Amino acid sequence: MSRIRERNRERILEAAAIEFADKGFAATKIIDIAKKVQLPKPNIYYYFQSKENLYRCVLESIIEPLLEASTPFATYDDPAAALQAYIHTKIRISKEHPHASKVFASEIMHGAPYLPADISDKLMQQTVSTTVRLNAWMDEGKMDRVDSHHLLFTIWASTQTYADFDWQIGRVTGKKKLSKNDYQTAAELITKMVLSGCGLTLPSNNH
């Protein structure tokens, strides 16, 4: 039974992510999510209690991977290795969580009206710790002096676009869905540009 419950919960989250991404929080109806997963409406409330909590869970499904993505900044002493790992992880998140990424992007673009304060605080703390690490590397002469905030903005924009603007990317590439190789190519190109802009190169065993 626990497997069934977990599977149903995952199905509801995925359907909710699609609905919230398409319609936003206010216009999304629980009944539409229930129809998508072919479950009775009360079942949605059984698993998530309320639309507000379901929305939070969709946000958390993308927030947790985003928070974990910055781990390389704490574990690596080499800024090139940390940035490479961060960029590749961010691209993977866009590949694996496209609908939740759109929900998060829409929430931010609308001024984060429904973003819980604790989640907002965690994201801010992550940004602060990451910029502190980048600035320390600059002070140590390990990378060129750049604006750490704008460096992060550039990485966020270039990696999250693969989820948030997938329609446009599909139109340009002529593909309904990007391949694993497409995402790998994107990650490598973004890494190359970022590292070059920071006066960094990857160790030879990473090429």
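Residues numbered from 1 in each chain as written. Predicted model: local features only at pLDDT ≥ 70, side-chain atom pairs only at ≥ 80, totals over all residues. Heavy atoms only, no water.

Peer 1: Is there a simple way to explain the overall build of the protein in this structure?
Peer 2: When helices and strands are counted, the protein shows eleven helices and zero strands. The linear arrangement of helices and strands in the protein, starting from the amino end, is α-α-α-α-α-α-α-α-α-α-α. For the protein, the proportion of its 207 residues judged to be buried stands at 42%. Counted over contacts in the protein with a minimum sequence separation of 6, partners at least 24 positions apart contribute 69%. With the model as given, the accessible surface of the protein reaches about 11800 Å², and the carbon-plus-sulfur share is 53%. (Helix = DSSP H or I, 4+ residues; strand = E, 2+ residues; numbered from the N terminus. Buried < 20%, exposed > 50% of the residue type's maximum accessible area, 1.4 Å probe, protein only. Contact = heavy atoms within 4.5 Å. Areas by Shrake-Rupley, 256 points an atom, 1.4 Å probe, with all protein chains shown as cover.)

Peer 1: Could you clarify how one ought to interpret the nonpolar core in this entry?
Peer 2: Among soluble globular proteins, nonpolar side chains are generally buried collectively. With 57 residues, the main nonpolar core has Ile12, Leu54 and Leu134 as its most contacted residues. If one sorts the elements of this core by residue count, helix H4 (residues 51-68) sits on top with nine residues. With residues near it in sequence (within four places) discarded, Leu54 still touches Ile12, Leu13, Ala16, Phe20, Ile30, Ile33, Ile44 and Phe48. (Core = buried A, V, L, I, M, F, W, Y, C linked by side-chain atoms within 4.5 Å.)

Peer 1: Could you clarify how one ought to interpret the pattern of salt bridges in this entry?
Peer 2: Close approach of charged atoms lets side chains of opposite charge pair. One pass over the full model with this rule turns up twelve salt bridges. Between Lys36 and Glu19 there is a salt bridge whose closest N-O contact spans 3.6 Å. Residue Lys36 is found in helix H2 (residues 30-37), and its partner Glu19 is found in helix H1 (residues 2-27); the two are separated by 17 residues along the sequence. The exposure class of Lys36 is partly exposed, given its relative accessible area of 44%. The class for Glu19 is buried, based on a relative accessible area of 6%. Through salt bridges with shared partners, one network takes in Glu19, Lys23, Asp32 and Lys36. (Salt bridge = Lys/Arg side-chain N within 4 Å of Asp/Glu carboxyl O.)

Peer 1: Please clarify how the packing of aromatic side chains should be interpreted in this entry.
Peer 2: Centre-to-centre distance and the angle between the planes together describe a pair of aromatic rings. Evaluated as defined, the whole model comprises ten aromatic pairs. Taking 5.0 Å as the distance between ring centres and 80° as the angle between the ring planes, the aromatic pair formed by Tyr46 and Tyr47 counts as edge-to-face. In this structure Tyr47 comes out as buried when scored by relative accessible area, which is 15%. Each ring, one from Phe153 and one from Trp156, has its centre 5.6 Å from the other, and the planes form 55°; the classification is tilted. (Phe/Tyr/Trp six-rings, centres within 6.5 Å; stacked < 30°, edge-to-face > 60°.)

Peer 1: I would appreciate a short explanation of H1 in the present structure.
Peer 2: The α-helix advances 3.6 residues per turn, and as a result positions three or four apart in sequence lie on the same side. The end-to-end C-alpha distance of H1 is 32 Å, clearly below the 38 Å that 26 residues give at a rise of 1.5 Å each. By the largest-angle criterion, Ala21 marks the main kink of H1, which is about 85°. Buried within H1 are the following residues: Asn8, Ile12, Leu13, Ala15, Ala16, Ala17, Glu19, Phe20, Gly24 and Phe25. Buried residues along H1 sit against H2, helix H3 (41-48), H4 and helix H7 (98-109). (Expected span 1.5 Å × (residues − 1). Bend = angle between axes of the 7 residues up to and from the residue.)

Peer 1: What am I meant to see in helix H9 (residues 148-164) here?
Peer 2: Taking 1.5 Å of rise per residue, 17 residues should cover 24 Å, and H9 covers 23 Å from first to last C-alpha, within 8% of that figure. For H9, the principal kink sits at Ser158 and spans about 25°. Packed against the buried residues of H9 are helix H6 (79-96), H7, helix H8 (117-139), helix H10 (166-173) and helix H11 (180-197). Measuring from the backbone nitrogen of His149 back to the side-chain oxygen at the start of H9 gives 3.0 Å, which picks out Asp147 as the cap. (Polar contact = N/O pair within 3.5 Å; in protein donor to acceptor, adjacent residues only side chain to side chain.)

Peer 1: I would appreciate a short explanation of the side chain of Lys51 in the present structure.
Peer 2: Relative to the assigned elements, Lys51 resides in helix H4. Notably, Lys51 is buried but unbridged: the nearest opposite-charge side chain belongs to Glu52, and the N-O separation is 6.3 Å. At 2.9 Å, the side chain of Lys51 forms a polar contact with the backbone oxygen of Phe25. From its side chain, Lys51 meets the backbone oxygen of Ala26 in a polar contact 3.5 Å long. Ignoring any residue separated from it by four or fewer positions in sequence, one finds Lys51 in contact with Phe20, Phe25, Ala26, Thr28, Ile30 and Tyr45. (Lys, Arg positive; Asp, Glu negative; His and termini not counted.)

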